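Listed below are the residues making up each chain.
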Amino acid sequence: MKFIFTALLGVCYFFSCNICIAQNMNSAKPRENSFFHDNIEYQARLQLSVGGASPRSIPAQIREIESFKPTHILGLEMNATKWINQKNNMGIRVGLKYEGRGMKTRARVKNYYTQIEDDSGAQTKGYFTGHVVTEMGNYYFTIPILFVWNVSKQWNIYGGFYASTIANKSFSGYISEGMFREGSPIGEPTPFEGDSQGLYDFSNEINSFQWGNQLGAELKTKSNFRAFFDVTMANNPLFNKNFESISFKMYNIFGNIGVAYHF
Amino acid sequence: MLIKKSYILFIIPILLSSCIKPEELDTDADILDAYIPAEYLTTDPIITNTSVEFRVKSNVDVTKQAPTFTISKNATIDPINGTIRDYTQTQISTVTAQDPRWKKAYTITFNKDELSTIYSFNHAELTDKDRYYRFYTIGTTGNKVYDWASGNPGYVTVAGDKPPNDYPTTVGEGINGQAAKLQTVYTSSFAAATGNPIAAGNLFLGSFKINLLNTLKSTKFGLPYTGDLPKSVRAYYKYKPGPEVRNQDFKVVPNVVDSFDIYAILFESRSKDNFLYGDHDFKDPRNVAIARIPAKDRLATDTWREINFPFELVPGKTFDPTKEYVLAIVMTSSIDGARFTGAIGSTLIVDNVELIYN
């Protein structure tokens, strides 16, 4: 919650600064060409994100995604679009976003390499066949830098890059209902039956920096509201380079929809 | 057109998760069950991740035996089931998984030896990738005989890279040579979450097979016994209780000093499940005679102390030396270890455990 408040404050601050700057420009030098006044528009956005951290292609270890639930779906953004050509239909948009990136999944796995561990530092790595529940709940501060093109009166499309820094990280879960084999697929077997679980928590292994691509479209309405949808795909893995407790690399891949209020 | 493209991008996450690759070959290469004619056996075959032991009656001809094995799905075994071999010495059977990169060599042992009546714990070896010790004795044919089992295999999952001497059951310095050293240790936060925050060191005649659902069902006490009713159990020990006794919620139990336990139970033999689970609490109806160290002898001592405590018949039971029985000798560094209560650091060192007869 603390992070949400911080983020809201951040977004408000960003928002009010822009207004202040705009107003100051207005009052001080009316009608003069001002970078923050002419050919520029401001937007506040509320987004809902659905997606997750996923390998680029699902490895054979994962046999079935049994359930998927989006979590931490809210995001807030303020952005500014500066039109750069005379027709005012192409522009550069820069924003600041506070966004949740979460999911809860349950998968059936076969020979899934993982590590169960505890707070005393004891760790056991091995191969698990059974069910894995994963809960991810991260919050990022994200700066999108996008090219915007008004393709028609109703639509614009936008695409570009984003860079994120993590505000709150959480990646944990458990293995259950299966067989854990210590060290290798023929190692000492530990059956997990009934309520018994092997816990893992890889929160501290999450990379604090993310960057990736974003591509989307915006539908204008007669009012100041707009609807949008876009896709963000990370180019660097969710976990740090040295992280080996999951044998495949995972990337944040999300679809986002929402409404924008245009000033 | 571009708009259509962005639609495609939007569904990429869904597309990705639907691309499940073909299943890879099975890697399990386990012996799940082992069979010889039931009348040969004195107790169920003892199967571990790499060994099978048949404890057989003294009149069985081990030079010509053809055990059969149930193995993992899609695995193969070499030699094939029903192959007659001479089991005077330990033989090897190799189980190969469906994925042939994974195979396991099992030692297959036929053991005709009667239970020993004296144990000095002078033979111990590192096992399971050298992570912990297990004790053995030398059988009449030179085979290693693993009468004693401990909870160490269950500790592997939470031990991380702890050295063998930090496992609950390890070797200590004995009166002559080695002794058995049992110590109560912290398990892990996730074991604690399920009510098993501590593990007492234990050592017992019997076998161990992990059961996480009910840890007390992992320990199977008892091995086949024939002969007279022993008069008593004699042993030498040192004991140091840990500073704070904690219960299964890991809360400190005030004003309690930890203590250890050593006991022996002779109980009636049966064909199936011929053992006592760790939660027997001395109440099993099969029990015939029990010897347990009395409270007054459970003392903290840093020098060797001799104890000798008698077998007492369970009321209403008689002992018939011509019948088959099962003997369990159990030692633990925390007397309430079976209830996951004990003091981390409690250490029991035991040597020269002997059954005393008239």
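What you see is a predicted model, and the numbers here were worked out from it, not measured in a lab. (Residues numbered from 1 in each chain as written. Chains lettered and ligands numbered in written order. Predicted model: local features only at pLDDT ≥ 70, side-chain atom pairs only at ≥ 80, totals over all residues.)

S.K.: A description of the overall build of chain B should follow, citing residues and the corresponding values.
M.R.: Looking only at helices and strands, chain B features 4 helices and 30 strands. Projecting the C-alpha coordinates of chain B onto the three principal axes gives extents of approximately 95 × 60 × 40 Å. Relative to its 358 residues, chain B shows a buried fraction of 42%. Excluding contacts between residues fewer than 6 apart, the proportion of contacts in chain B whose partners are at least 24 apart in sequence is 66%. (Helix = DSSP H or I, 4+ residues; strand = E, 2+ residues; numbered from the N terminus. Buried ≥ 20, exposed ≤ 12 C-beta atoms within 10 Å, placed from the backbone. Contact = placed C-beta atoms within 7 Å.)

S.K.: Pulling in residues and values, what's your account of the nonpolar core?
M.R.: Grouped together as the largest cluster of nonpolar side chains are 63 residues, with contacts concentrated most on Phe204(B), Leu327(B), Ala328(B) and Val350(B). Apart from the residues within four sequence positions on either side, Ala328(B) is in contact with Phe204(B), Leu205(B), Gly206(B), Phe221(B), Gly222(B), Ala264(B), Ile265(B) and Leu276(B). (Core = buried A, V, L, I, M, F, W, Y, C linked by C-beta atoms within 7 Å.)

S.K.: Outline the sheet that holds strand β7 (residues 103–111) of chain B, listing residues and values.
M.R.: Residues and elements named next belong to chain B. One open sheet holds the 5 strands; their spatial order is β2-β3-β7-β6-β5, and the pairing between them is mixed. In the strand order of this sheet, the two ends are held by β2 (46–47) and β5 (76–78), each with one partner. Here β5 pairs with strand β6 (residues 91–96) via 3 bridges, running antiparallel. Residue pairing in the sheet places Thr76 in a bridge with Thr96 of β6. (Pairing = 2+ DSSP bridges.)

S.K.: Break down the pairing of strand β25 (residues 287–292) of chain B for me, citing the residues and quoting the values.
M.R.: Where strand β23 (residues 261–268) of chain B lies against β25(B), 5 bridges are found, and the strand directions are antiparallel. Across the sheet, residue Tyr263(B) finds its bridge partner in β25(B), namely Arg292(B).

S.K.: Would you mind going over the domain arrangement of chain B in detail, with residue names and values included?
M.R.: Residue and element names in this part refer to chain B. For chain B, the assigned domains are domain 1 (25–112) and domain 2 (113–358). Between the C-alpha centres of domain 1 and domain 2 there is a distance of 27 Å. Counting residues at the interface gives 12 residues for domain 1, matched by 11 residues for domain 2. Tallied by class, residues from the side of domain 1 that touches domain 2 come to 2 nonpolar, 7 polar and 3 charged. (Domains from an automatic or database assignment. Nonpolar A, V, L, I, M, F, W, Y, C, P; charged D, E, K, R; others polar.)

S.K.: So what about the confidence of the model for chain A? Which residues, and what values?
M.R.: Residues and elements named next belong to chain A. Per-residue pLDDT for chain A has a mean of 85; in total, 85% of the residues score no lower than 70. Looking over chain A, one finds the lowest element-wise mean pLDDT in helix α1 (residues 2–28), namely 43, and the highest in strand β6 (residues 155–168), namely 96. Every residue in residues 1–31 is under pLDDT 50, and counting partners more than four places away or in other chains gives 25 contacts. (pLDDT = per-residue confidence, 0-100.)

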